Amino acid sequence: DTLHSEPKVLFYPNTDTESLSNQKLYYHRLGTGQEEDVLCVEFPAQPKHMIGWVDLSECGRYLFVKPSQDCKYNLLYFYDLETNAKDGIKTKFDLVPIIETFEADIDFVTNIGQKCVFHTNKGAEKFKLVTIDMENPVESKWTDLVPETEDKLEWACGVAGSRLVTCYMQHVRNTLQLRDLASGEVTFSFPLEVGAITGFSGELKHKEMFYKFSNPITPGTMFHVDLSGPNPQSTVHIETKNEAVWI
């Protein structure tokens with residue numbers, strides 16, 4: 001993941017290929033040799049922890065590390081780059097723990113300042129969105145932004161500065177909503193036929209988004225959504241037409 005303020009840097013995981021263990025996270029500046037890379041994260045006492053790819057907050061301040069093991073559930077740690085790396089990344093990170101036991105899935109969605117939104121099934125079998133204040137991330141201080149419902153919350157994404165997109169599985173179909181990022185309240189429900197959202201692109205810094213919809217009888221249509229006004233405006237961006245074939 002690149003740092004927003006430094007587009008020519010990245011973090012990458014490196015694994016002992018013989019034992020498939022002792023994965024480490026390194027920091028690399030494009031244009032420099034690999035020998036100059038900085039070791040940022042490792043778990044020597046837990047060699048089976050897989051770090052994978054990290055998440056970076058929308059503002060570039062918070063780096064989230066999500067170790068997993070045995071293909072189920074993940075831990076959650078973070079590092080404040082703005083506070084601890086003002087002069088650059090030169091040493092290993094002193095991570096702040098948020099979740100230290102394998103009991104749930106949790107993934108970063110978006111943030112406004114120090115308030116970060118996560119998608120999790122911790123205490124919610126069908127997933128929910130919670131807000132965690134990075135100044136006090138203890139679980140007792142978490143708040144439900146979008147509580148669990150009878151439908152499974154598959155994913156969410158921050159868009160257009162102050163909005164949030166959520167996608168649910170309702171029986172055999174996806175539903176898509178636009179919400180207020182501060183309150184979690186639905187402001188618009190996209191009119192979808194029975195089918196699935198098979199692609200999505202959107203970011204908090206952009207006032208537009210794209211999604212692809214398909215079902216068993218249509219190969220897929222990509223929609224562009226203009227989010228610059230109070231009401232989203234959807235238009236067909238790319239449509240794949242399927243000629244009828246009779247057998």
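Report follows, based on the coordinates. (Residues numbered from 1 in each chain as written. Predicted model: local features only at pLDDT ≥ 70, side-chain atom pairs only at ≥ 80, totals over all residues. Heavy atoms only, no water.)

Our focus in this paragraph is the pairing of strand β12 (residues 152-159). Where β12 lies against strand β13 (residues 163-170), seven bridges are found, and the strand directions are antiparallel. Looking at β13, one finds that Val 159 is bridged to Arg 163. Hairpin connection of β12 to β13: three residues between the antiparallel strands, including Ala 160 at a positive phi of 50°. (Pairing = 2+ DSSP bridges. Helix = DSSP H or I, 4+ residues; strand = E, 2+ residues; numbered from the N terminus.)

Burial runs high along strand β6 (residues 76-80): five of the five residues are buried. Judged by which residues are buried, β6 turns out to be covered on both faces: Leu 76, Phe 78 and Asp 80 on one side and Tyr 77 and Tyr 79 on the other are all buried. Two elements, strand β5 (residues 62-65) and β6, share four bridges in a ladder whose sense is antiparallel. Paired with Val 65 across the two strands is Tyr 77, which belongs to β6. With three bridges joining them, β6 and strand β7 (residues 96-99) adopt antiparallel strand pairing. (Buried < 20%, exposed > 50% of the residue type's maximum accessible area, 1.4 Å probe, protein only.)

Next up on the list: the nonpolar core. In this structure, Phe 11, Val 41, Ile 89 and Phe 93 are the most contacted members of the largest nonpolar core, which totals 21 residues. Listing elements by their share of this core, those giving two or more residues are β1 (9-16), β2 (21-29), β3 (38-42), β5 and β6. Counting 16 residues, the second-largest nonpolar core is a separate cluster that includes Val 165, Leu 176, Met 209 and Leu 227. (Core = buried A, V, L, I, M, F, W, Y, C linked by side-chain atoms within 4.5 Å.)

What follows covers the environment of Trp 53. Note on placement: Trp 53 falls in the loop between β3 and β4 (55-56). Of the residues examined, Trp 53 reaches a relative accessible area of 58% and is grouped as exposed. Residues Trp 53 and Lys 72, 19 residues apart in the sequence, show an inter-C-alpha distance of 16 Å.

Counted under the stated rule, the structure contains 15 aromatic pairs. Centroid distance Tyr 79 to Phe 93: 4.0 Å. Interplanar angle 10°. Geometry classified as stacked. Linking Tyr 79 in strand β6 with Phe 93 in the loop between α1 (81-84) and β7, this pair joins segments that are 14 residues apart in sequence. Using a relative accessible area of 8% as the deciding quantity, one classes Tyr 79 as buried. A relative accessible area of 8% places Phe 93 in the buried class. (Phe/Tyr/Trp six-rings, centres within 6.5 Å; stacked < 30°, edge-to-face > 60°.)

Residues other than glycine seldom take positive phi values, yet Phe 127 does so here, at roughly 75°. In this fold, Phe 127 is placed in the loop between β9 (115-120) and β10 (128-133). Classification of Phe 127 by relative accessible area gives buried; the value is 12%. Residue His 171 is not a glycine yet carries a positive backbone phi of 60°.

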